[in-house]
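Here is what each chain is made of, one letter per residue.
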Amino acid sequence: MYINEMVRQCVLFLGNKDSKSARFIPRATAFIVAIIEEDIGYRYVVTAEHNISGFQQKGWDVWVRANLINGGVREDSWANGRWYFHPDPGSTDVAVAPIDFHAEEEFKQI
């Protein structure tokens, strides 16, 4: 199935690093959303709460991998990421965290 390039550029990979090789291991996906309030934009990464809870239960640090404009990838540690969950546990399966990007990263937002 063909997936529109715009949609593909909204997606990030979440993963952890292999303890021996430091290789990124993709475990989940997330997407980027933006909210504009009074001419100020806020970007967030959105994924399923069970993804983030799974990382926490396994003791894995979360890493985010994004594409670069030049075709490479960038991997950033989110060990101290500020994830927010719905206040009523079990009512939704969503996790949200604020995100910013480096100039060399290629991304789109919804």
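Preceding block: the structure.
Here's a quick rundown of the structure. Throughout this description, residue numbers start from 1 for each chain and increase along the sequence as written. A pLDDT threshold of at least 70 governs which residues receive local features in this predicted model, and a stricter bar of 80 or more applies before side-chain atom pairs are shown or counted, although totals over entire chains, interfaces and linings include all residues. To obtain the side-chain values, all non-hydrogen atoms of the structure were used and water was disregarded.

With that settled, consider the layout of surface pockets. Estimated volume of the largest pocket: approximately 190 Å³. Buriedness for pockets is judged along seven lines, at least five of which must meet protein on both sides within 12 Å for an open set on the 1 Å grid over protein atoms alone, while cavities are sets there where a 1.4 Å probe fits but cannot get out, and lining residues have an atom within 4 Å of a point. For the largest pocket, the lining is made up of 11 residues, of which Arg8, Gln9, Val11, Phe13 and Asn67 are closest to its centre. Secondary structure is summarised from DSSP: a helix means a run of H or I of at least four residues, a strand means a run of E of at least two, and numbering begins at the N terminus for each. The set of elements that each furnish at least two residues to the lining of the largest pocket consists of α1 (5-8), β1 (11-17) and β4 (63-67). Residue composition of the lining of the largest pocket, grouped by class: 5 nonpolar, 2 polar and 4 charged. Grid points are joined across faces, edges and corners, and a volume is the space filled by probe spheres set on the points. Under this grouping Gly is polar, as are all residues other than the nonpolar Ala, Val, Leu, Ile, Met, Phe, Trp, Tyr, Cys and Pro and the charged Asp, Glu, Lys and Arg.

In this model, alanine 22 sits at a positive phi of 60°, which is unusual for a non-glycine residue. In this fold, alanine 22 is placed in the loop between β1 and β2 (24-37). Each residue's exposure class comes from its accessible area (1.4 Å probe, protein chains only) as a fraction of the maximum for that residue type: buried when under 20%, exposed when over 50%, partly exposed otherwise. By relative accessible area, alanine 22 is classed as partly exposed at 47%. A positive phi angle, near 65°, is found at aspartate 39, a position not held by glycine. Structurally, aspartate 39 can be placed in the loop between β2 and β3 (40-47).

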